[in-house]
Amino acid sequence: MFQYEYKSIQDLVKLTQQYQTTLADIIIRHEMEQAEKSEGEIRQLMEERIVVFHESVQAGLNDTDRSVSGLVGGDAARVQQHPAIFLGSLANKALSYAVAIAEANAKMFKIVACPTAGSCGIVPAVLLAVAEERHIGKKEQGEAMFIAAGVGAVVSHKATVAGAVGGCQAECGSAAAMAAAVAAYLCGGTTTQILHAFALCMKNTLGLACDPVAGLVEVPCVKRNGCYAVLALTAAEMALAGIESVIPPDEVIEAMGEIGRLMPVALKETSEGGLAQTETGKAIAARLEKAMNA
């Protein structure tokens, strides 16, 4: 049994209280035990992943060509170039970055699946947007990502982060909740505020179907990344204002897992329901299948 083992959000809270330290520190110590590496090595590995975040954003923004399917591409640049009407600069940046990374994924560029490829834009976009707008250094960015990893690991243990198992609530929902925790931490939130940001965000993604058109991680996945990056910021804003989730984080995770089990198979990445089975969705699938067999 590892000294810093945890399987729930409450376990994490108890460990911070037991050792009188931060959430990030507990998760870093856990990673050190699991990987048998020094703190410096663990932090370096996370910094390397953040470098990939930056590369993915630039790849998505700079390459405005359409994907092979023709379904996505160039929209991140459109958002970035369009003067924001409703969103502030930070939220608009998070939106454009999330779409950029998801577009990069659709074009087979390098990304970090955090927690999945289908939701790859949400956490990095929120991290980078908040860090850039608030001039936050690499060390704090790394610690924010350890918090995201820690709460994400709990979700994976108690429920799932796979769309094929729990629908998109498990993919984009988990990613958004992780991103909300990141944003709350980077803005000076307490452990309680960080975890309530996570819970507030996740419970507002419950029931989200995974319904990729033509079986591709493009429609609605790319735009969904952008929308849920902004939702993460909304949840963090509420938590930082002192709003708490009536349902505790662990119970929200358990509810997500239960909803995933109850969800029809047609709404769990099979493309047999939802947007994939609209007239337009079916026409796109038929067109792409014809092109592949030509």
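Residues numbered from 1 in each chain as written. Predicted model: local features only at pLDDT ≥ 70, side-chain atom pairs only at ≥ 80, totals over all residues. Heavy atoms only, no water.

An unreviewed UniProt entry lists the protein under the name L-serine dehydratase, from Megasphaera hutchinsoni. Word for word, the UniProt comment on the protein under Sequence similarities (unreviewed entry) is "Belongs to the iron-sulfur dependent L-serine dehydratase family." The record held by UniProt for the protein lists under Catalytic activity (unreviewed entry) the comment "L-serine = pyruvate + NH4(+)". (UniProt positions renumbered as here; feature names shortened; annotations may be inferred.)

**Student:** Sorry, what's going on with the overall build of the protein here?
**Tutor:** Counting its secondary structure elements, the protein contains 13 helices and zero strands. In terms of overall size, the protein behaves like a compact globule, its C-alpha atoms giving a radius of gyration of 19 Å where 294 residues would be expected to give roughly 19 Å. Projected onto its principal axes, the C-alpha positions of the protein cover 60 × 40 × 40 Å. Sequence separation of at least 24 residues holds for 74% of the intrachain contacts in the protein that already meet a minimum separation of 6. Of the accessible surface of the protein, which amounts to about 13,100 Å², a share of 54% is contributed by carbon and sulfur atoms. If you average the places of the 23 positive and of the 32 negative side-chain charges in the protein, the two averages end up 3 Å apart. (Helix = DSSP H or I, 4+ residues; strand = E, 2+ residues; numbered from the N terminus. Rg over C-alpha atoms; globule rule 2.2 N^0.38 Å. Contact = heavy atoms within 4.5 Å. Areas by Shrake-Rupley, 256 points an atom, 1.4 Å probe, with all protein chains shown as cover. Lys, Arg positive; Asp, Glu negative; His and termini not counted. Charge placed at Lys NZ, Arg CZ, Asp CG, Glu CD.)

**Student:** Can you help me understand the pattern of salt bridges in this one?
**Tutor:** Two side chains with opposite charge may pair up if their charged atoms get near one another. Inspection of every chain in the model, using the stated rule, returns eleven salt bridges. Across the pair arginine 224 and aspartate 211 runs a salt bridge whose closest N-O atoms are separated by 3.6 Å. Here arginine 224 is found in helix H11 (residues 221-240), whereas its partner aspartate 211 is found in the loop between helix H10 (191-202) and H11, with 13 residues between them in sequence. (Salt bridge = Lys/Arg side-chain N within 4 Å of Asp/Glu carboxyl O.)

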